[in-house]
Amino acid sequence: MAAAAATPGFEHMGLDGRLLRAVAELGWAAPTAIQAEAIPLALEGRDILARARTGSGKTGAYGLPLLQHLLRVKAAPSAVPQAVRALVLVPSKELGQQVVRSLRQLATFCARDVRVADLCAHADLAAQRPVLMEKPDVVVGTPGRVLAHVGARSLSLRHSLELLVLDEADLLLNFGCGQDIRALLCHLPKIYQALLLSATFSPDVEALKELVLHNPVTLCPPEPRLPGPSQLRQFGVRCGTEEEKFLLLCALLKLGVLRGRALLFVGTTPRCYRLKLFLEQFGVPACALNSELPARSRCHIITQFNRGVYDYIVATDEEAPAAPPEHPPRKKQRKGVAPSKDRGKGKDKDKGKDKDSEYGVARGIDFQNVAVVINFDVPPTVESYIHRVGRTARADNPGTALTFALPEEEEGMARIEDALAGENGESMLQPYKFRMEEIEGLRYRCRDAMRSVTKQAVKEARLREIKDELLNSEKLKAYFEDNPRDLHVLRHDKPLHPAIVKPHLRNVPDYLVPPSLRGVAKPDRKKRRRVLNTGAKRRRGATSRGSGNPLQSFKYARHRAKRPAAPPS
Ligand code: AMP
């Protein structure tokens, strides 16, 4: 990911020594392509429109010049009044929190000079007001939240704003923030520097550029939207039935074929809990991440994952309701193929209900040290595939992406393969072949586990999460203090048992390990609880695990005899 050797290093960009120290501490040896292009121009004061994919280092590309600008202003001989000078607009709370974390990391050694306010922390407006009263140097928030503060007169930007950043601009528009951005522009001064970063350049982004940027430089560093095959291995896994998907996942995880931390993406929220409960049956702890959860819980889950508390997250990447469908709805179910109860988005009866319009798991969020992304369900769009798979192989780390596809998902799979095909039309997704009969021994266990995860169990798992949220809610604290009976009732409500865990499923006896995996597979190795670090240490850890693809040891060919025999004519 680092830029070509000829481009100047961070130390030649005229950055403040404190920022260079932070960069070194983070282990950033050289600027990424977008950083190499954007930082010098932004330091000259130019407006910039940059195409930058997630994981390309774009936060540093605007964060470093932003901090440098503030340090320069503060170092002026005549004292300048404290004021909000920079505003970073983000599409989702998760992304906002990540941006705040990155900016604070970059400002570690100048934290007394530069204060970054987080309007994505999930306090209500009144709770955030005191922070804004202190006039932090940088404010990070969603357009809606920033506008609400401006409307409430707790934030004034008209006389102080010097730098505006629109991060993930395409997503800002997809999330329906266009109106809020327009309204906000009326409260900004006439002159300020603006940086607009977007993964894609759509006509809407072009229109936003006209509105926000003045004589901008356009940057499109020649980077593919996903890393190349030497860094990111992509596999397509054809599964004959829904049960095969579960069976294969179970084999990959329980036989230790799949090593490292993984993100598992599914199509709907009920399916998210179904897979989580299924994994729990095998003693594999995973957490569910979906738009039903309150934003605070979601951020907490991401933080826990990044700290190494969990190794697996089962996530949905439903987009906000405002997101236009990229493709027409899929064709009708093919005859003879049993639809999964909860797989398709269209099957999610709860779609849109209680969903947070600022939810954006797959997009832009920096899940750290993700070795593997598994699309347990084929992503609904090519964009969604890119954003999901982009969670692995971040910075210079290697990664693997597996996409499980049923026959009825073939169309979506073909669309993704076509869109990502190389210049010679070759698919970037290698076929991942496996012989089902090798893992046949696990089938009974898998069926047993699938049976235990009933619809009722899924419903109760969702209820349990909501109950936990109510009990832990800061907002309800005062209510429960006044109404202790309600708290008592909630605490002693019928205990919820989402699914009965059968202890024998936890262990895989040796006789179930396929002969070709004996000596390779590490079933039930004791989990090491890792507390991960950032920066150089993290990258060392990643390479020490081996950059080779762990799945190469599991190259089987599907056994043809297992296919249903053609009916006699
Ligand atoms: P971003 O695209 O800003 O979300 O950054 C993605 C990841 O790349 C983050 O974990 C950053 O810490 C990391 N990163 C950013 N810039 C560099 C760099 N120059 N060298 C190595 N890693 C970087």
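Every value quoted in this text rests on a predicted model; they were computed, and no experiment measured them. (Residues numbered from 1 in each chain as written. Predicted model: local features only at pLDDT ≥ 70, side-chain atom pairs only at ≥ 80, totals over all residues. Heavy atoms only, no water.)

K.L.:
Which residues make up helix α8 (residues 178–185), and what values do they have?
P.N.:
When α8 is considered as a whole, its buried residues turn out to be Gly-178, Ile-181, Leu-184 and Leu-185. End-on view of α8: buried residues confined to an arc of 125°, all on one side of the axis. In the core, the buried residues of α8 are packed alongside β2 (86–89), α6 (143–151), β5 (163–166), α7 (169–174) and α9 (203–212). (Buried < 20%, exposed > 50% of the residue type's maximum accessible area, 1.4 Å probe, protein only. Helix = DSSP H or I, 4+ residues; strand = E, 2+ residues; numbered from the N terminus. Arc of directions from axis to C-beta. Contact = heavy atoms within 4.5 Å.)

K.L.:
Break down the sheet that holds β2 for me, with residues and values.
P.N.:
Strand order in the open sheet made by the 7 strands is β3-β4-β2-β5-β6-β1-β7, with parallel pairing throughout. Of all the strands in the sheet, just β3 (116–118) and β7 (217–219) have a single pairing partner and so form its edges. Averaged over all pairs of adjacent strands, the angle between their axes in this sheet comes to 15°, without regard to strand direction. In this structure, β5 lies alongside strand β6 (residues 193–198), joined through 4 bridges in parallel fashion. The residue bridging Val-165 from the neighbouring strand is Leu-195, located in β6. (Pairing = 2+ DSSP bridges. Axes fitted to C-alpha atoms, helices over the stretch in contact; angles between N-to-C directions.)

K.L.:
Hey, could you go over the pattern of salt bridges for me, with residue numbers and the actual values?
P.N.:
Within this structure, the stated rule accounts for 21 salt bridges. Glu-168 is the salt-bridge partner of Lys-58, the closest N and O atoms lying 3.3 Å from each other. With Lys-58 in helix α3 (residues 58–74) and Glu-168 in the loop between β5 and α7, this residue pair connects regions lying 110 residues apart in the sequence. In this structure Lys-58 comes out as buried when scored by relative accessible area, which is 5%. Judged by relative accessible area, which is 2%, Glu-168 ranks as buried. (Salt bridge = Lys/Arg side-chain N within 4 Å of Asp/Glu carboxyl O.)

K.L.:
Just give me the short version of the packing of aromatic side chains, but keep the residues and values in it.
P.N.:
Note on aromatic pairs: each is described by the distance of the centres and the angle between the planes. Under the definition given, this model contains 7 aromatic pairs. Between Phe-235 and Tyr-432, the aromatic rings sit 5.6 Å apart at their centres with planes inclined by 70°, giving edge-to-face as the arrangement. With Phe-235 in strand β8 (residues 232–238) and Tyr-432 in the loop between β14 (429–431) and α15 (443–452), this residue pair connects regions lying 197 residues apart in the sequence. The exposure class assigned to Phe-235 is buried, which follows from its relative accessible area of 4%. By relative accessible area, Tyr-432 is classed as buried at 5%. Taking 5.9 Å as the distance between ring centres and 80° as the angle between the ring planes, the aromatic pair formed by Phe-305 and Phe-367 counts as edge-to-face. In this pair, Phe-305 sits in helix α12 (residues 295–306) while Phe-367 sits in the loop between β11 (312–316) and β12 (370–375), placing the two residues 62 residues apart along the sequence. Residue classification places Phe-305 among the buried residues on the basis of a relative accessible area of 0%. Against the face of Phe-376 rests Lys-245, its NZ or CZ located 5.6 Å from the ring centre. Directly above the aromatic system of Phe-305 lies the positively charged group of Arg-261, at a separation of 4.0 Å from the ring centroid. (Phe/Tyr/Trp six-rings, centres within 6.5 Å; stacked < 30°, edge-to-face > 60°. Lys NZ or Arg CZ within 6 Å of the ring centre and 35° of its normal.)

K.L.:
Please provide a residue-by-residue account of the pairing of strand β1 (residues 48–51), values included.
P.N.:
Of the pairings in the sheet, the one linking β1 to β6 comprises 4 bridges and is parallel in character. Its bridge partner lying in β6, Ala-50 is registered against Leu-197. With 3 bridges connecting them, β1 and β7 associate as parallel partners. In the sheet register, Ile-48 faces β7, and the bridge partner there is Val-217.

K.L.:
With reference to specific residues and values, describe the state of the cysteines.
P.N.:
Taken as a whole and judged by the stated rule, the model has 0 disulfides. Cys-287 forms no disulfide, and the closest cysteine sulfur to it belongs to Cys-272, at a distance of 9.2 Å. With relative accessibility at 5%, the residue Cys-287 sits in the buried group. (Disulfide = S-S within 2.5 Å.)

K.L.:
Please provide a residue-by-residue account of the site of the ligand, values included.
P.N.:
Among the 17 residues in the neighbourhood of the ligand, the closest are listed as Ala-30, Gln-35, Gly-57, Thr-59 and Asp-366. The backbone of Gly-57 places a nitrogen or oxygen atom 2.9 Å from an oxygen atom of the ligand. Note that an oxygen atom of the ligand is positioned 2.6 Å from one of the side-chain N or O atoms of Thr-59. When isolated, the ligand has an accessible area of 490 Å², and the protein chains bury 92% of it. Each residue belonging to the shell around the ligand can be placed in one class, and the counts come to 6 nonpolar, 7 polar and 4 charged. (Near = heavy atom within 4 Å. Polar contact = N/O pair within 3.5 Å; in protein donor to acceptor, adjacent residues only side chain to side chain. Areas by Shrake-Rupley, 256 points an atom, 1.4 Å probe, with all protein chains shown as cover. Nonpolar A, V, L, I, M, F, W, Y, C, P; charged D, E, K, R; others polar.)

K.L.:
Give a description of the packing of helix α11 (residues 269–281) against α15 that names residues and reports values.
P.N.:
Where α11 contacts α15, the axes come no closer than 9 Å and their chain directions differ by 130°. Put simply, α11 runs oblique to α15. Relative to α15, α11 is oriented so that their crossing is right-handed. Between α11 and α15, the residues in contact are Arg-274, Phe-278 and Gln-281 and Cys-446, Ala-449, Met-450 and Ser-452, respectively. For the contact of α11 with α15, the per-class residue count stands at 4 nonpolar, 2 polar and 1 charged. (Parallel < 35°, antiparallel > 145°, perpendicular 65-115°, else oblique. Left-handed = near helix turned anticlockwise from the far one by under 90°.)

K.L.:
Just give me the short version of the environment of Leu-49, but keep the residues and values in it.
P.N.:
Its place among the elements puts Leu-49 in strand β1. Residues Leu-49 and Asn-215, 166 residues apart in the sequence, show an inter-C-alpha distance of 9.9 Å. What Leu-49 contacts, discounting residues up to four positions off in sequence, is Leu-196, Phe-201, Val-205, Glu-206, Lys-209, Leu-213, Pro-216, Val-217, Thr-218 and Leu-219.

K.L.:
Tell me about the sheet that holds strand β10 (residues 287–289), residues and numbers included.
P.N.:
Strand order in this open sheet of 7 strands is β10-β11-β9-β12-β13-β8-β14, and the pairing throughout is parallel. Of all strands in the sheet, those bounded by a partner on one side alone are β10 and β14. On average, adjacent strands in this sheet sit at an angle of 25° to one another, irrespective of strand direction. As paired strands, strand β9 (residues 261–266) and β12 are joined by 5 bridges and run parallel to one another.

What is shown is where atoms sit, not what they do.
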